[in-house]
Amino acid sequence: MTEEENNLVIEIGIDLMNFIGNSFDKANDITELKSVLKGLGFEDKKDISFDINDVYYQKKDGKNIWECKQFDPLSGGVYIFEIFFKKKTKEDFKKMWNKRASEIYEKTSENGTTKQVKNAIPQYNEQSSENYLYVGSHRTDINSRLKQHFGNNINSTSALKLTDEDIKNEIGNYNITCHRFTLKDDFPKYARAGYIAMIEGILHEKLEPILGKK
């Protein structure tokens with residue numbers, strides 16, 4: 001590829017990202033966001049409304065055995081957690097979350113060594129949206145990642161862990177929904193991972209979620 005051709009490819013890529021970014025700028029709510037994502041090659045999967053009383057999995061031999069069909073394998077894509085403050089305020093959530101982030105746990109490695117570690121959860125963003133809680137992606141199966149967000153595994157890195165013991169008495173005060181979008185199967189395989197990562201990055205930039213750094 002000549003330098004001129006390379007510069008043209010870069011220019012086209014920048015134009016594409018700007019077009020996508022501008023499309024998200026015009027989306028004022030989740031319904032319009034879903035429409036934009038559909039136009040970008042994503043399929044809207046069934047939303048999961050979080051309920052602390054729902055049984056998503058059973059604990060067996062120290063592992064979460066997932067019985068909820070909503071978490072059966074899906075393909076790669078992006079997801080958006082939305083939150084609405086009714087019984088509690090955003091400030092209440094901030095205090096609860098930051099307290100949780102400061103807690104120390106004992107973590108045991110495979111060789112039996114135990115060490116003190118901080119809770120591995122996403123950070124709270126001071127400058128953030130009022131309703132978009134978290135944005136994420138997975139290149140092969142978004143549900144495999146969502147199990148960590150809906151589960152209670154202390155070792156899950158930077159996951160929400162919504163059913164963990166440390167917040168089970170508090171998190172039920174917040175109305176949380178996960179919107180799921182998988183990339184269509186006919187999208188070129190060689191570009192899937194990069195495209196998913198790009199869309200996640202743009203969503204994070206545009207939605208300014210309450211939790212999680214880029």
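Residues numbered from 1 in each chain as written. Predicted model: local features only at pLDDT ≥ 70, side-chain atom pairs only at ≥ 80, totals over all residues. Heavy atoms only, no water.

A. Structural view of the overall build of the protein. The number of helices and strands found in the protein is five helices and eight strands. In sequence order, the secondary structure elements of the protein are arranged as α-α-β-β-β-β-α-β-β-β-α-β-α. Taking the principal axes of its C-alpha atoms as reference, the protein extends roughly 55 × 45 × 30 Å. Within the protein, the proportion of its 214 residues that are buried is 41%. (Helix = DSSP H or I, 4+ residues; strand = E, 2+ residues; numbered from the N terminus. Buried < 20%, exposed > 50% of the residue type's maximum accessible area, 1.4 Å probe, protein only.)

B. How the structure looks around the packing of aromatic side chains. Scanning all chains against the criterion turns up 17 aromatic pairs. Both rings, one in Y79 and one in F81, keep their centres 6.0 Å apart while their planes meet at 90 degrees; by these two values the pair is edge-to-face. Of the two residues, Y79 and F81, both sit in the buried class. In this structure an aromatic cluster arises from ring pairing among F50, Y56, Y57, W66, F71, Y79, F81, Y134 and F150. Geometry around W97 places R100 over its ring, the cationic atom sitting 4.9 Å from the centre. (Phe/Tyr/Trp six-rings, centres within 6.5 Å; stacked < 30°, edge-to-face > 60°. Lys NZ or Arg CZ within 6 Å of the ring centre and 35° of its normal.)

C. Highlighting the environment of G194. By the element assignment, G194 lies in helix α5 (residues 189-207). Judged by relative accessible area, G194 falls into the partly exposed class, the value being 46%. The spacing of G194 and M17 is 177 residues in sequence and 12 Å in space, taken between C-alpha atoms.

D. Spatial organisation of the sheet that holds strand β4 (residues 77-85). On the basis of which strands lie adjacent, the open sheet formed by four strands has the order β1-β8-β4-β7 and antiparallel pairing. Two strands close off the open sheet at either side, each with one partner strand: β1 (42-49) and β7 (132-138). When strand polarity is set aside, the average angle formed by the axes of neighbouring strands in this sheet is 20 degrees. When β1 meets strand β8 (residues 174-183), the two strands line up antiparallel, connected through six bridges. If you follow S49 over to β8, its bridge partner there is T177. Strand contacts of α5: β1, β4, β7 and β8, with the helix running at about 170 degrees to β7, the strand carrying the most contacts. (Pairing = 2+ DSSP bridges. Axes fitted to C-alpha atoms, helices over the stretch in contact; angles between N-to-C directions. Contact = heavy atoms within 4.5 Å.)

E. Summary view of the pairing of β4. Burial runs high along β4: seven of the nine residues are buried. Note that β4 and β8 share nine bridges and pair antiparallel. Across the sheet, the residue bridging to F81 is C178, located in β8.

F. Representation of the nonpolar core in the model. Core analysis: the biggest nonpolar cluster contains 29 residues, and F81, F93, L133, F150, I171, I176 and L211 have the highest contact counts within it. Where this core is concerned, the elements lending two or more residues are β4, α3 (90-102), β7, α4 (142-150) and β8. Sequence-distant contacts of L211, defined by excluding residues within four places in its chain, comprise F93, W97, P122, Q123, Y124, N125, L133, Y134 and L160. In this structure, F24, I30, I80 and L203 belong to the second largest nonpolar core, which totals 22 residues. (Core = buried A, V, L, I, M, F, W, Y, C linked by side-chain atoms within 4.5 Å.)

G. Structural detail: helix α2 (residues 30-39). Inspection of α2 places I30, L33, K34, V36 and L37 among the buried residues, and these make up the whole buried set. In an axial view of α2, the angular spread of the buried residues amounts to 160 degrees, which keeps them on one side of the axis. Residues of α2 that are exposed and point over 90 degrees away from its buried face: T31, S35, K38 and G39. The residue sitting at the N-terminus of α2 and contributing the capping side-chain oxygen is D29; that oxygen lies 3.2 Å from the backbone nitrogen of T31. Positive backbone phi, approximately 100 degrees, marks G41, located one or two places after α2. (Arc of directions from axis to C-beta. Polar contact = N/O pair within 3.5 Å; in protein donor to acceptor, adjacent residues only side chain to side chain.)

H. Molecular detail of α4. Those residues of α4 that sit buried are I142, N143, R145, L146, H149 and F150. The buried residues of α4 occupy one face: seen down the axis, they fall within an arc of 155 degrees. If you follow the buried residues of α4, they end up packed against β1, β2 (57-60), β3 (63-66), β4, β7 and β8. Regarding α4, its N-cap is D141, as a side-chain oxygen of that residue lies 3.1 Å from the backbone nitrogen of N143 further along.

I. Spatial organisation of a nonpolar patch on the surface. Together, I10, I14 and M17 make up an exposed nonpolar region whose accessible area comes to about 260 Å². With respect to the element layout, M17 can be found in helix α1 (residues 3-25). Taking relative accessible area as the criterion, M17 reaches 39% and is therefore assigned partly exposed. (Patch = residues over 30% accessible without salt bridge, like charges linked within 9 Å, V, L, I, M, F, W, Y side chains within 5 Å. Areas by Shrake-Rupley, 256 points an atom, 1.4 Å probe, with all protein chains shown as cover. Salt bridge = Lys/Arg side-chain N within 4 Å of Asp/Glu carboxyl O.)

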